[in-house]
Amino acid sequence: MAADVPFLYHFSRGAEVTDEAPFREIAAYCRAHRDKVDRVFRTLSYFDCVNFAARSRAPVLFSVALMDQITPPSTVYAAHNHYAGHKEIHVYPYNAHEGGGPHHQVTQLAFLGKVLA
């Protein structure tokens, strides 16, 4: 598997650190409904991919872009840290949501070639 700047991991963290959609909408709802914050994140936990990462076993190559406002790096690291199978991660310090772009695609092809051989 090749997970480029994987999205929708660790909703509560995303809502705390970025003002980009969909995390912006979650934060706005919690701001208006302070009494429902626990319920919001309990419900979102059913869809939080970090919970699926702990069950995943396929070899995976992650990418994380440290200037990504759409998929905050800490949420990608949550996915990586919980991933149960063989995993690698490539970090792109100066990239945003495009991740490593074409450079990373070459890395992905090499990874997939090695895994599928």
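Please refer to the structure placed before this passage.
Residues numbered from 1 in each chain as written. Predicted model: local features only at pLDDT ≥ 70, side-chain atom pairs only at ≥ 80, totals over all residues. Heavy atoms only, no water.

Q: Help me understand the packing of aromatic side chains, please; the structure alone is not making it clear to me.
A: What characterises a pair of aromatic rings is the spacing of the ring centres plus the angle enclosed by the ring planes. Scanning the model with the defined rule gives three aromatic pairs in all. For the pair Phe 7 and Phe 23, a centre-to-centre distance of 6.0 Å together with 80° between the ring planes defines the contact as edge-to-face. One end of the pair, Phe 7, is in the loop between strand S1 (2-4) and helix H1 (11-17); the other, Phe 23, is in helix H2 (residues 23-32), with 16 residues separating them in the sequence. Residue class for Phe 23 comes out buried when judged on its relative accessible area of 1%. What links up through ring pairs into an aromatic cluster is the set Phe 7, Phe 11 and Phe 23. (Phe/Tyr/Trp six-rings, centres within 6.5 Å; stacked < 30°, edge-to-face > 60°. Helix = DSSP H or I, 4+ residues; strand = E, 2+ residues; numbered from the N terminus. Buried < 20%, exposed > 50% of the residue type's maximum accessible area, 1.4 Å probe, protein only.)

Q: Can you walk me through unusual backbone geometry in this structure?
A: Leaving glycine out, the prevailing phi sign among residues is negative, and the prevailing peptide bond configuration is trans. Cis rather than trans, the peptide bond between Ala 21 and Pro 22 has omega equal to 0°. Position of Pro 22 relative to the elements: it lies in the loop between H1 and H2. The phi dihedral of Val 5 falls on the positive side, at around 25°, and the residue is not glycine. In this structure, Val 5 sits in the loop between S1 and H1. Of note, His 10 is a non-glycine position whose phi angle comes to about 50°, a positive value. By the secondary structure assignment, His 10 is in the loop between S1 and H1.

Q: What should I look at first to understand the pairing of strand S3 (residues 87-92) in this one?
A: Every other side chain in a regular strand lies on the same face of the sheet, so the side chains alternate between the two faces. When strand S2 (residues 60-65) meets S3, the two strands line up parallel, connected through six bridges. Directly across from Leu 61, in S3, lies its bridge partner Glu 88. Assessed by its sense of winding, the connection that carries the chain from S2 through helix H5 (residues 73-82) to S3 is right-handed. (Pairing = 2+ DSSP bridges. Right-handed = clockwise from strand over helix to strand, strands pointing away.)

Q: Got a minute to help me understand the sheet that holds S3 in this structure?
A: Strand pairing in a sheet relies on backbone hydrogen bonds. The paired strands run either parallel or antiparallel. Taken in spatial order, the three strands of this open sheet run S1-S2-S3, and their pairing is parallel. The two strands at the open ends of the sheet, each matched to only one other strand, are S1 and S3. If you compare each strand with its neighbour and ignore which way they point, the axes differ by 15° on average. Pairing geometry for S1 and S2, over three bridges, is parallel. Across the sheet, Ala 2 pairs through a bridge with Leu 61, a residue of S2. (Axes fitted to C-alpha atoms, helices over the stretch in contact; angles between N-to-C directions.)

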